[in-house]
Number of protein chains: 2
Amino acid sequence: MSAYHLSESKSIAMMKLLALCFFVISLINIPIAEARIRHYKWELKYEYKSPDCYKKLVITINGRTPGPTILAQQNDTVIVEVKNSLLTANTAIHWHGIRQIGTPWFDGTEGFTQCPILPGDTFVYKFVVDRPGTYLYHAHYGMQREDGLFGSIRVALPDGESEPFAYNYDRSIILTDWYHKSSFEQAVGLSSIPFQWVGEPQSLLIQGKGRFNCSAANPPMKADVCNNTNPECSLYSTTVVPGKTYRLRISSLTALSALSFQIEGHNMTVVEADGHYVEPFVVKNLFIYSGETYSVLVYTDQDPARNYWVTTNVVSRNATTPPGLAVLNYYPNHPRRSPPTIPPSGPMWNDVDSRFNQSVAIRARKGHVYSPPATSDRVIVLLNTQNRVNGKTRWSVNNVSYDIPHTPYLMALKENLLHTFSQTPPPEGYDFANYDIKVVQNNTNATTSDAIYRLQLNSTVDIVLQNANTMNPNNSETHPWHLHGHDFWVLGYGKGKFDPINDPKKYNLVDPIMKNTVPVHPFGWTAFRFKADNPGVWAFHCHIESHFFMGMGVAFEEGIERVGKLPSSIMGCGETKHLLKP
Amino acid sequence: MSAYHLSESKSIAMMKLLALCFFVISLINIPIAEARIRHYKWELKYEYKSPDCYKKLVITINGRTPGPTILAQQNDTVIVEVKNSLLTANTAIHWHGIRQIGTPWFDGTEGFTQCPILPGDTFVYKFVVDRPGTYLYHAHYGMQREDGLFGSIRVALPDGESEPFAYNYDRSIILTDWYHKSSFEQAVGLSSIPFQWVGEPQSLLIQGKGRFNCSAANPPMKADVCNNTNPECSLYSTTVVPGKTYRLRISSLTALSALSFQIEGHNMTVVEADGHYVEPFVVKNLFIYSGETYSVLVYTDQDPARNYWVTTNVVSRNATTPPGLAVLNYYPNHPRRSPPTIPPSGPMWNDVDSRFNQSVAIRARKGHVYSPPATSDRVIVLLNTQNRVNGKTRWSVNNVSYDIPHTPYLMALKENLLHTFSQTPPPEGYDFANYDIKVVQNNTNATTSDAIYRLQLNSTVDIVLQNANTMNPNNSETHPWHLHGHDFWVLGYGKGKFDPINDPKKYNLVDPIMKNTVPVHPFGWTAFRFKADNPGVWAFHCHIESHFFMGMGVAFEEGIERVGKLPSSIMGCGETKHLLKP
């Protein structure tokens, strides 16, 4: 080769150099001019970490939990190469809030859209982020999310476009609750007879950091297990300068807890929810449920001579989990300097009205309203109940407790393996006339099923989530339901039993917010509408990790015939092995 | 149907009944007349158990650890349907000592012969047990064996044939060591930088039972975590009647420890090792290494008014692990009645000579000698060393630390996916002339590799295991090496460096025992010979779970072209996904 180069004439060399220059310039130009590719390479590992000072195995992405924030612009293509180095455990990653239009096989929902990713394998997710806003990613396999496998996705507007609100700085903060037991240990307890509940979380984490009181542990813990001086569990501190507006993208990926979030001495103006602009409203406490994302604007107008507490606390449960703390650090105070105050306490855990009122207050921002269809083609009412099935404590919907199938639906439907899941359609409602939602019911007819709701492509579907009493007297929990593959219009919330004649008349069809996650409050109902316009199979489930694990979910299919050729990378489990050539 | 039955004539009914009778009789007769099918259905689960009084997650088979004993007769076909209910973890089960002639794909070695079995999947192993004797099964994936997934296989002679020794009763006893940390936690430590050794096991278990001293734990443990009154951890007790001969099939599946096993006041006559008859010899202490099985005959000739201690203790390491205890219960004493004596202590941990002498003492039983080929076609010398590779502490062979490939060899070789593993042949030996095995070496040229030794089909291969100093001064460990797919003739053991000129002249070619697992003693060598006559790909590795995990193994291939069509059930991982049709 070098001999050949030496014999080349100078003119040919010059032409080649020019051609190369043009080629390089074209490469540089493409990404600026249009949608770019955002390429991430991740390695997932178990590692010992001490997020709240207690040392335990967590799942890290490139050594971190929370994992790296995905930064992209609207219409970019995100490619994430996930290498599973989790020893003997599989994984799958869901891109929470990303609709996966045209790529339903990359939704990352094990059992729905893909087989799990095996240890040693590298799975490549590739999808378009088609809307700006605040999204999340997390494990969607077993209860693995609780081991720390999650992170933020932040999609900016295209160059030249701007948000309908102004801010100087942009920060992402994920709220989680944290258990000291592994997700394996938790899951074994939940599926045991008798049921062994994992209990309330040991701590709340703000952007992956919290503080468990090691010295109060009983029995005492050794310093190599729990150490409050470990810098790994120093509180999260975010630095601000006075007189600026901060956009804080607050999201919750709690395993169990509903939260209130507050910043001492500062109001928060809510401007975004689940990737949609909100008609601004001001709160002192932001109520947030697992799977939700909010953007709030915070103006740093307080005394700059000190720091301020950022706190989060459990609501909706009378929990033993202490509040989570972080620091709003006014420059040039030291980021680790404790605020001089006692961390302010949040709202009362059982103040349902305030939470209900926040839900109702959220409306689409003027000028950014997507109008819902005026009517729906189908109404599905989903009664949220608890029961016992085969001796196990389960959550269920219309008395059917959901089981994830072994052959993912997407393959089962596309490859004609319909025998792999129940073909008996799940119920469209419950015994509305005779069911008292306010008392413990003897749900003796409860069953388990992996059947799916098959929706007409492009039809409009109304979902009414009806909450009810659990198996404990005078108890109804908050369930944040998350829909994959779609945003939906939130039509209304109510207290008590949904009235199918009169309540729909009060639906907000004028300026409903679109969301992907919505709470149903204790003993209440929540109604929403969506267009079944995204060919694929989509999970819809309570985002409380243990509730979905215990059966609180359903599956929707629409337009399966429009789904393109499935990539073989999603296969390899269940009956898809029969698709192997040899 | 019932209407049709009623209208049948009686004569037709009678003929049908007769035909049914013949059919049923034929079914009954087949299994008696010839090899039978032994069908097992297993479900694998994580469950909380307290084998040594400390409660932790273990892997159970049908609720038990050790799992059910497989009972079969020579030439029977064993079918085991393994349902993986391990939440998010995979598995694979190896049938230790079963050669898998004609079924190399059911050896159960993840990365070699199959992809892991996914949660929710049921994998069907089907193989012939072609030789009588004492065998084992256990997980062969990551370090999962340590979570309790193991059991015994006992293959009896065909009806009408008898052993060359007499006994009245037959019992299987598996010895293990036990850690309180999960295999995930252990593995993370071992692969961390800096290296975090899991330490010595917390207890020794005899047939799955042991006793950790809960009250001595520091820091103290709560009673729901560790409770010495828990009946789950009552000592293993085996009931005997006086004046009888008991065949005890003693096997070891320790994670780390070399053991001595003894029965207070009773001699043991060794009659079988790894499925081969041994020229009987009497011991008071049976030394046994992980992966080995022995049958000993015990005559119950002691004072029947009391019980006797059965003990096992760590040798070869100066371990902190207390001895494991069980009870030899002379009927009619109560099985839980403690023997009146202090449990006898075993031999000194550092008495290498006694262990060496037992190894040398084992010869094939007269009349049951399989003569080895007089010469070999190839000699491979495997230097056992420790080193650092990329900052990690590793074990290695000839300075190559072994990595398991992501695409199992069997598929890679049969489906022409040779790019999936290194094609650079691993070394046949080490720098014999210049390497001092007695000192710490600076093995700076150490590498990792997943390359394999390709053996000529039906050739005769000699393996010389050469032990050496670890990375600690004056330290060399005992490594029990286990060969899959073959038995081998044990030609000799030596102390110090193997002399390739003179030592082979001392090989025992007259009555060498055949085994599948053999120790190499500290600073010593072990030589064996085998016929590469079993088409397939076979692991050969140190049976210490952490050592193999850290690279102490190799792979042999022979006659891959003779391997039949691979079942698709073994596929689904790595590049075998490319074999999917869609």
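Starting from 1, residues in each chain are numbered consecutively following that chain's sequence as written. Chains and ligands are labelled sequentially in the order written, the chains with letters from A and the ligands with numbers from 1. The predicted nature of this model means local features are confined to residues of pLDDT at least 70 and side-chain atom pairs, given and counted, to a pLDDT of 80 or more, with totals for whole chains, interfaces and linings taken over all residues. The side-chain values count all of the structure's non-hydrogen atoms but skip hydrogen atoms and water molecules.

- Looking at an unreviewed UniProt entry, chain A carries the name L-ascorbate oxidase, with the source organism given as Salix udensis.
- UniProt positions are given in the numbering used here, feature names are shortened, and annotations may be inferred rather than shown by experiment. Quoted verbatim from the Cofactor (unreviewed entry) field of UniProt, the annotation for chain A is "Cu cation".
- Of the comments in the UniProt record for chain A, the one headed Subcellular location (unreviewed entry) reads "Secreted".

Looking at the relation of the copies chain B and chain A
And then number 1: Expressed as a screw operation, the relation of chain B to chain A combines 0.0 Å of axial shift with a rotation of 180°, fitting to an RMSD of 0.0 Å. With respect to symmetry, the two chain copies, as superposed, fit the operation of a two-fold axis.
And then number 2: When the interface residues of chain B are mapped onto chain A, 100% of them again lie at the interface, so the same face is used by both copies. Only residues with pLDDT of at least 70 in both copies count here: their C-alpha atoms drive the least-squares fit that superposes the copies. The contact rule is simple, with two residues in contact once any of their heavy atoms fall within 4.5 Å.

What to know about the pattern of salt bridges
And then number 1: Salt bridges are identified by distance alone: a Lys or Arg side-chain nitrogen within 4 Å of an Asp or Glu carboxyl oxygen. In this structure the tally under the stated criterion is 42 salt bridges over all chains.
And then number 2: Its salt-bridge partner being Lys-495 of chain B, residue Asp-353 of chain B comes within 2.8 Å of it at the nearest N-O pair. You can see Asp-353 of chain B sitting in helix H4 (residues 352-361) and its partner Lys-495 of chain B sitting in strand E27 (residues 488-495), a full 142 residues away along the chain.
And then number 3: Whether a residue is buried, partly exposed or exposed follows from its accessible area with a 1.4 Å probe, protein chains only, as a fraction of its type maximum: under 20%, in between, or over 50%, in that order. In this structure Lys-495 of chain B comes out as exposed when scored by relative accessible area, which is 52%.
And then number 4: Ionic contacts of the salt-bridge type, sharing partners, join the residues Arg-154, Asp-170 and Arg-249 of chain A into one network. In this description a helix means any DSSP run of H or I spanning at least four residues, a strand means any run of E spanning at least two, and both kinds are numbered starting from the N terminus.

Some points on the interface of chain B and chain A
And then number 1: Across the contact, 47 residues belong to chain B and 47 residues belong to chain A.
And then number 2: Buried area counts how much accessible surface, traced with a 1.4 Å probe, disappears from two parts once they are put together, with both parts' losses summed. Note on chain B versus chain A: buried area summed over both sides is about 4200 Å², and carbon and sulfur give 62% of it.
And then number 3: In this assembly, chain B and chain A are joined by zero salt bridges.
And then number 4: Whenever a nitrogen or oxygen atom comes within 3.5 Å of another N or O atom, the pair is scored as a polar contact, on the condition that within protein one atom can donate a hydrogen and the other can accept it, and that pairs from neighbouring residues in sequence are kept only if both atoms are in side chains. Where chain B packs against chain A, one counts 12 residue pairs in polar contact (both at pLDDT 80 or more).
And then number 5: Elements supplying a minimum of two residues to the side of chain B that touches chain A: strand E1 (37-49) and helix H3 (183-190) of chain B.
And then number 6: Per-element accounting of the side of chain B that touches chain A gives the leading share, four residues, to H3 of chain B.
And then number 7: Note on residue categories: nonpolar means Ala, Val, Leu, Ile, Met, Phe, Trp, Tyr, Cys or Pro, charged means Asp, Glu, Lys or Arg, and polar means any other residue, Gly included. Classifying every residue of the side of chain B that touches chain A by side-chain character gives 22 nonpolar, 14 polar and 11 charged.

Description of the UniProt feature "domain: Plastocyanin-like" (unreviewed entry) in chain A
Residues and elements named next belong to chain A.
And then number 1: UniProt feature "domain: Plastocyanin-like" (unreviewed entry): in the numbering of this structure it lies at residues 45-156, 172-332 and 435-559.
And then number 2: Between the C-alpha atoms that bound residues 45-156 there is a distance of 29 Å. The span itself is 0% helix and 46% strand.
And then number 3: When the span residues 172-332 is considered, its composition is 5% helix and 43% strand, and the gap between its end C-alpha atoms is 21 Å.

Here's the deal with the domain arrangement of chain A
All names here are of chain A.
And then number 1: By domain assignment, chain A separates into domain 1 (35-161), domain 2 (163-368) and domain 3 (378-577).
And then number 2: How far each domain reaches was decided by an automatic or database domain assignment. Computed from C-alpha atoms alone, the centre-to-centre distance between domain 1 and domain 2 is 21 Å.
And then number 3: On the domain 2 side, the residues contacting the 31 residues of domain 1 number 52 residues.
And then number 4: Note on domain 1 versus domain 2: buried area summed over both sides is about 3200 Å², and carbon and sulfur give 55% of it.
And then number 5: Put simply, domain 1 and domain 2 have one salt bridge between them.
And then number 6: The closest approach of N and O atoms between Arg-154 and Asp-170, which form a salt bridge, is 3.8 Å.
And then number 7: Taken together, domain 1 and domain 2 are joined by 21 residue pairs in polar contact (both at pLDDT 80 or more).

Looking at the environment of Arg-249 of chain B
Residues and elements named next belong to chain B.
And then number 1: Looking at where Arg-249 falls in the secondary structure, it is placed in strand E12 (residues 245-252).
And then number 2: Along the primary structure Arg-249 and Ala-156 are separated by 93 residues, whereas in three dimensions their C-alpha atoms are 12 Å apart.
And then number 3: Dropping the residues within four chain positions of it, Arg-249 is found in contact with Gly-133, Thr-134, Arg-154, Tyr-167, Asp-170, Arg-171, Ser-172, Ile-173, Glu-272, Tyr-294 and Ser-295.
And then number 4: Looking at Arg-249, its side chain comes within polar contact range of the side chain of Thr-134, at 2.8 Å.

Overview of unusual backbone geometry
And then number 1: In this chain, Ile-193 of chain B is followed by Pro-194 of chain B through a cis amide linkage whose omega measures 0°.
And then number 2: Examined against the element boundaries, Pro-194 of chain B turns out to sit in the loop between H3 and strand E10 (203-206).
And then number 3: Cis geometry is found at the peptide bond from Tyr-331 of chain B to Pro-332 of chain B, where omega equals 10°.
And then number 4: Within the fold, Pro-332 of chain B resides in the loop between strand E19 (324-330) and H4.
And then number 5: If you check the backbone angles, Asn-390 of chain A has positive phi at about 50° while not being a glycine.
And then number 6: Considering the arrangement of structural elements, one finds Asn-390 of chain A in the loop between strand E20 (378-389) and strand E21 (392-397).
And then number 7: Classification of Asn-390 of chain A as exposed rests on a relative accessible area of 68%.
And then number 8: Here Asn-458 of chain B, not a glycine, exhibits a phi torsion of approximately 70°, which is positive.
And then number 9: Structurally, the position occupied by Asn-458 of chain B is in the loop between strand E24 (453-455) and strand E25 (460-466).

Examining the confidence of the model for chain A
And then number 1: You can read pLDDT as the predictor saying how much it trusts each residue, on a scale of 0 to 100. Put simply, chain A has an average pLDDT of 94, and 94% of its residues get 70 or more.
And then number 2: Low pLDDT, under 50, characterises residues 21-33 of chain A; the predicted model gives this stretch two contacts beyond four residues in sequence or across chains.

What to know about the pairing of strand E18 (residues 308-315) of chain B
Residues and elements named next belong to chain B.
And then number 1: By the criterion of burial, E18 is predominantly enclosed, with eight of the eight residues buried.
And then number 2: Burial of E18 is two-sided: the residues Tyr-308, Val-310, Thr-312 and Val-314 facing one way and the residues Trp-309, Thr-311, Asn-313 and Val-315 facing the other way are all buried.
And then number 3: Pairing geometry for strand E13 (residues 258-263) and E18, over six bridges, is antiparallel. Bridge assignment links Phe-261 to a residue of E18, and that residue is Thr-312.
And then number 4: Criterion used throughout: strands pair if DSSP finds at least two bridges between them. Alignment of E18 against E19, held across five bridges, turns out to be antiparallel. Of the residues in E19, the one forming a bridge with Tyr-308 is Leu-328.

So, the sheet that holds strand E13 (residues 258-263) of chain A
Residues and elements named next belong to chain A.
And then number 1: Strand order in the open sheet formed by five strands is E11-E19-E18-E13-E16, and the pairing between neighbours is mixed. Across the chains shown, the open sheet's two edge strands, defined by having one partner strand only, are strand E11 (236-240) and strand E16 (286-288). Each neighbouring strand pair of the sheet contributes to a mean axis angle of 25°, computed without reference to strand direction.
And then number 2: Direction of pairing for E11 relative to strand E19 (residues 324-330): parallel, over a ladder of five bridges. From the neighbouring strand, Thr-239 faces E19, where its bridge partner is Asn-329. An axis is simply a line fitted to the C-alpha atoms; with a helix, the fit covers only the stretch in contact. Between two such axes, the angle follows the N-to-C directions and lies from 0 to 180 degrees.

So, the pairing of strand E8 (residues 150-156) of chain B
All names here are of chain B.
And then number 1: The buried fraction of E8 is high, at six of seven residues.
And then number 2: Inspection of the sheet shows strand E3 (residues 70-73) paired to E8 by four bridges, in the parallel sense. What sits directly across from Leu-71, in E8, is Arg-154.
And then number 3: The pairing of strand E7 (residues 133-139) with E8 spans six bridges and is antiparallel. The partner of Tyr-135 across the bridge, within E8, is Ile-153.

Notes on the state of the cysteines
All names here are of chain B.
And then number 1: What counts as a disulfide here is a pair of cysteine sulfur atoms lying within 2.5 Å. On inspection of all chains with the given rule, the structure shows six disulfides over all chains.
And then number 2: For Cys-115, the disulfide goes to Cys-573, at an S-S distance of 2.0 Å. With the S-S bond torsion at -80°, the cross-link from Cys-115 to Cys-573 turns out left-handed. Taken together, the residues Cys-115 in the loop between strand E5 (93-96) and strand E6 (122-129) and Cys-573 in the segment after strand E32 (553-558) connect sequence positions 458 residues apart. For the pair Cys-115 and Cys-573, one class covers both residues: buried.
And then number 3: When the cysteines of chain A that form disulfides are numbered from the N-terminus onward, they connect as 1-5, 2-6, 3-4.

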